[in-house]
Amino acid sequence: MTQTISPNHDLARRLREERLIGGLQHFVGGQWVASSSGETFDTHSPVDNAFLTQVASGDAQDIDRAAQAAHEAFRTWREVSGAERRRILHRIADLIEARAQEIAVLESIDTGQAIRFMKSAATRGAENFRFYADRAPGAGDGQSLPAPGFINYTLRQPIGPVGVITPWNTPFMLSTWKIAPALAAGCTVVHKPAEWSPVSATLLAEIMDEAGLPGGVHNLVHGFGESAGKALTEHPLIKAIAFVGETTTGSHIMRQGAETLKRVHFELGGKNPVVVFDDADLDRALDAVVFMIYSLNGERCTSSSRVLVQEGIYDEFTARIAERARNIRVGDPLDPETEVGPLVHPRHFEKVMSYFGKAREEGATIAAGGERVGQAGNFVSPTLFTGARNDMAIAQEEIFGPVLTAIPFTDEADALALANDVKYGLAGYLWTNDLTRAHRFAQGLEAGMIWVNSENVRHLPTPFGGVKNSGIGRDGGDYSFEFYMETKNIAISLGTHKTAKLGVGQAPKVDKTVVEG
Ligand code: NAD
């Protein structure tokens with residue numbers, strides 16, 4: 001394990017004293033408040049599982065207060081001009097940038113993610129706000145759809161107060177990804193962050209308040225999924241739920257929201273294939289494969305957790321992955337040298353560790369890693385399973401750690417069949433220098449997002465989301481507005497069409513009136 005004392009540690013010590021000792025509260029209607037019940041829960045450091053902070057534990061009553069506040073604020077926020085929303089969202093982005101180091105350090109302390117990735121995750125949060133700030137003035141734009149005798153035009157209006165429920169992996173960035181377009185669209189928000197990573201959501205609420213977002217437009221309720229999260233999905237004043245998390249939780253939310261007919265947007269799990277053909281640029285492919293599974297502790301929905309390698313290059317390519325995996329620096333997440341930090345929580349650590357035993361039982365080989373690192377905290381070694389088959393649990397289930405399963409394939413048809421033979425369909429990565437094969441394969445791959453000869457490089461206007469059990473709906477660009485807004489059609493008659501006359505005592509000779517439902 002790596003261990004050096006850096007300026008991040010001094011900042012971390014100060015922030016723990018200044019920010020965490022007093023505990024975290026909800027933010028409702030522009031006020032910091034405790035839970036109505038007075039209940040709290042504790043969170044712990046992934047580094048050594050020592051006490052980190054105490055957090056207000058929200059329940060249905062707290063969610064109701066927040067939903068009422070969001071409902072009240074919606075009356076005015078929806079009328080605020082796009083230009084003014086733009087100004088406030090840019091101000092939020094400015095403040096995020098100014099506090100990016102603080103956000104990065106606190107996120108690292110809270111989640112165990114390596115600091116080297118957290119600074120860019122914070123600035124990415126600012127970019128998300130800027131991107132949607134600039135689109136706020138045009139969010140309501142629609143189409144002109146003329147017809148004989150009519151002008152039809154459409155416009156979009158914000159759907160109302162929305163619930164945002166986020167997971168614990170890169171929570172700050174993911175929250176901004178949902179909250180920025182919702183606010184730009186004119187919606188108000190109740191945010192329920194993950195109970196294992198509540199800190200950066202608190203910072204974000206503070207920043208938005210400081211940026212001049214009116215009270216009640218953004219509300220934050222901490223708490224557990226089964227209490228606060230469930231209540232949010234069931235609340236009648238909440239019109240839609242934007243959710244990022246596990247596939248099984250998505251199913252619960254769909255059931256919970258059925259009574260109040262919630263609109264849902266789900267970004268769920270993945271078991272994403274990276275397919276390496278023998279004609280690919282193998283050096284670049286190696287860098288991308290290693291990056292996409294071992295960065296962010298492998299706790300990444302778009303991680304390429306299955307590498308499918310053409311059989312002629314399988315042994316050599318997987319040997320190169322194993323060598324890199326063994327060299328990865330596992331250690332203190334605040335150390336700038338660290339590449340893989342501890343997993344977020346002992347429960348998640350146990351889950352990831354359980355796959356090492358499963359891999360052995362299933363007959364796969366542990367070519368690298370496969371053990372815990374150190375005696376304290378939630379550290380696991382970057383792991384590679386070789387000799388695996390696609391029907392093994394290690395190839396089918398989302399492990400969500402720095403753990404890669406390598407499977408050989410014979411030809412293009414075999415690779416496509418293996419790639420698609422999972423319940424998930426979030427992302428796919430393809431390495432080949434055969435242009436026509438690249439297009440053919442990408443079209444056949446069952447995934448919402450495909451990168452050819454690249455790792456995940458995100459362009460904000462493009463659609464982000466999955467198919468099959470990986471999700472419903474798309475984020476990004478205008479796609480987010482489709483979710484947070486209702487489209488309305490307005491038909492204006494030019495006064496020339498004929499209206500059927502009923503009750504005039506006789507049937508028309510030829511009735512050409514069109515009757516629609
Ligand atoms: P999780 O589903 O356990 O929890 C996510 C959130 O849902 C938390 O805030 C939790 O409190 C809440 N929740 C739990 N039960 C609930 C319920 N019954 N009603 C309402 N809310 C409830 O997920 P996690 O373990 O925090 O996150 C990891 C998962 O997130 C992985 O499966 C990962 O692939 C997925 N993820 C997907 C994307 C994507 O874009 N597709 C991005 C990041 C993470």
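Rules used in this analysis
- Residues numbered from 1 in each chain as written.
- Predicted model: local features only at pLDDT ≥ 70, side-chain atom pairs only at ≥ 80, totals over all residues.
- Heavy atoms only, no water.
- Helix = DSSP H or I, 4+ residues; strand = E, 2+ residues; numbered from the N terminus.
- Rg over C-alpha atoms; globule rule 2.2 N^0.38 Å.
- Buried < 20%, exposed > 50% of the residue type's maximum accessible area, 1.4 Å probe, protein only.
- Contact = heavy atoms within 4.5 Å.
- Lys, Arg positive; Asp, Glu negative; His and termini not counted.
- Charge placed at Lys NZ, Arg CZ, Asp CG, Glu CD.
- Near = heavy atom within 4 Å.
- Polar contact = N/O pair within 3.5 Å; in protein donor to acceptor, adjacent residues only side chain to side chain.
- Areas by Shrake-Rupley, 256 points an atom, 1.4 Å probe, with all protein chains shown as cover.
- Nonpolar A, V, L, I, M, F, W, Y, C, P; charged D, E, K, R; others polar.
- Pairing = 2+ DSSP bridges.
- Right-handed = clockwise from strand over helix to strand, strands pointing away.
- Phe/Tyr/Trp six-rings, centres within 6.5 Å; stacked < 30°, edge-to-face > 60°.
- Lys NZ or Arg CZ within 6 Å of the ring centre and 35° of its normal.
- UniProt positions renumbered as here; feature names shortened; annotations may be inferred.

I'd like a rundown of the overall build of the protein chain, residues and numbers included.
Scanning the protein chain from terminus to terminus reveals 16 helices and 21 strands. On C-alpha atoms alone, the protein chain measures out to a radius of gyration of 25 Å, which is about the 24 Å that the 2.2 N^0.38 rule sets for 517 residues. Looking at the protein chain as a whole, 56% of its 517 residues qualify as buried. Within the protein chain, contacts between residues at least 6 apart in sequence are counted, and of these 74% link residues at least 24 apart. For the protein chain, the centre of its 50 positive side-chain charges and the centre of its 63 negative side-chain charges are spaced 7 Å apart.

Describe the site of the ligand, and please don't skip the residues or the numbers.
The environment of the ligand is made up of 29 residues, and the closest members are Lys-192, Glu-195, Thr-249, Leu-268 and Glu-398. One of the backbone nitrogen or oxygen atoms of Glu-246 is found 2.9 Å away from an oxygen atom of the ligand. Thr-249 is positioned with one of its side-chain polar atoms (N or O) 2.6 Å from an oxygen atom of the ligand. Starting from 850 Å² of accessible surface for the ligand in isolation, the protein chains cover 93%. Sorting the residues of the shell around the ligand by element identifies helix H8 (225–234), strand E9 (240–244) and helix H9 (247–256) as the ones contributing at least two each. When residues in the shell around the ligand are grouped by element, the largest group, 4 residues, is from H9. Of the residues in the shell around the ligand, the class split is 14 nonpolar, 9 polar and 6 charged.

An account of the pairing of strand E18 (residues 449–452) is requested, with residue identities and associated values reported.
Residues Met-449 and Trp-451 point to one face of E18 and are all buried, whereas Ile-450 and Val-452, pointing to the other face, are not buried. Here strand E17 (residues 427–431) runs beside E18; their pairing, made up of 4 bridges, is parallel. The partner of Leu-430 across the bridge, within E18, is Val-452. The parallel pair E17 and E18, bridged by helix H15 (residues 435–444), forms a crossover whose chirality is right-handed.

Tell me what's going on with the environment of Leu-220, and back it up with residues and numbers.
Topologically, Leu-220 is positioned in strand E8 (residues 218–220). Spatially, the C-alpha atom of Leu-220 lies 9.5 Å from that of Val-164, the residues being 56 residues apart in sequence.

Tell me about the side chain of Glu-195, and name the residues and values.
Here Glu-195 shows up in the loop between strand E7 (189–192) and helix H7 (199–210). Apart from the residues within four sequence positions on either side, Glu-195 is in contact with Phe-41, Thr-43, Gly-223, Phe-224 and Gly-225.

Please provide a residue-by-residue account of the packing of aromatic side chains, values included.
Remark: the centre distance and the inter-plane angle together describe each pair of aromatic rings, the angle taken between the planes. Considering all chains together, one arrives at 14 aromatic pairs under this definition. With a centroid separation of 6.4 Å and an interplanar angle of 70°, the aromatic rings of Phe-356 and Phe-385 are classed as edge-to-face. Remark: Phe-385 occurs in strand E14 (residues 383–386) and Phe-356 occurs in helix H12 (residues 346–362); sequence separation between them is 29 residues. By the burial criterion, Phe-356 is buried, and Phe-385 matches it. Members of the aromatic cluster, joined through ring pairs, are Phe-131, Tyr-132 and Phe-481. Above the face of the Phe-277 ring, Arg-437 is positioned so that its terminal group lies 3.9 Å from the ring centre.

Explain the UniProt feature "domain: Aldehyde dehydrogenase" (unreviewed entry) in the protein chain to me, and be specific about the residues and the numbers.
This chain's UniProt record puts "domain: Aldehyde dehydrogenase" (unreviewed entry) on residues 32–490. Within residues 32–490, the helical portion is 42% and the strand portion 19%, while the C-alpha atoms at the span's ends are 42 Å from each other.

Can you break down the UniProt feature "active site" (unreviewed entry) in the protein chain residue by residue, with the values?
In this numbering, the UniProt entry assigns the feature "active site" (unreviewed entry) to Glu-267. Within the secondary structure layout, Glu-267 lies in strand E10 (residues 263–267). We classify Glu-267 as buried; its relative accessible area is 4%. Looking at Glu-267, its side chain comes within polar contact range of the side chain of Lys-178, at 3.4 Å.

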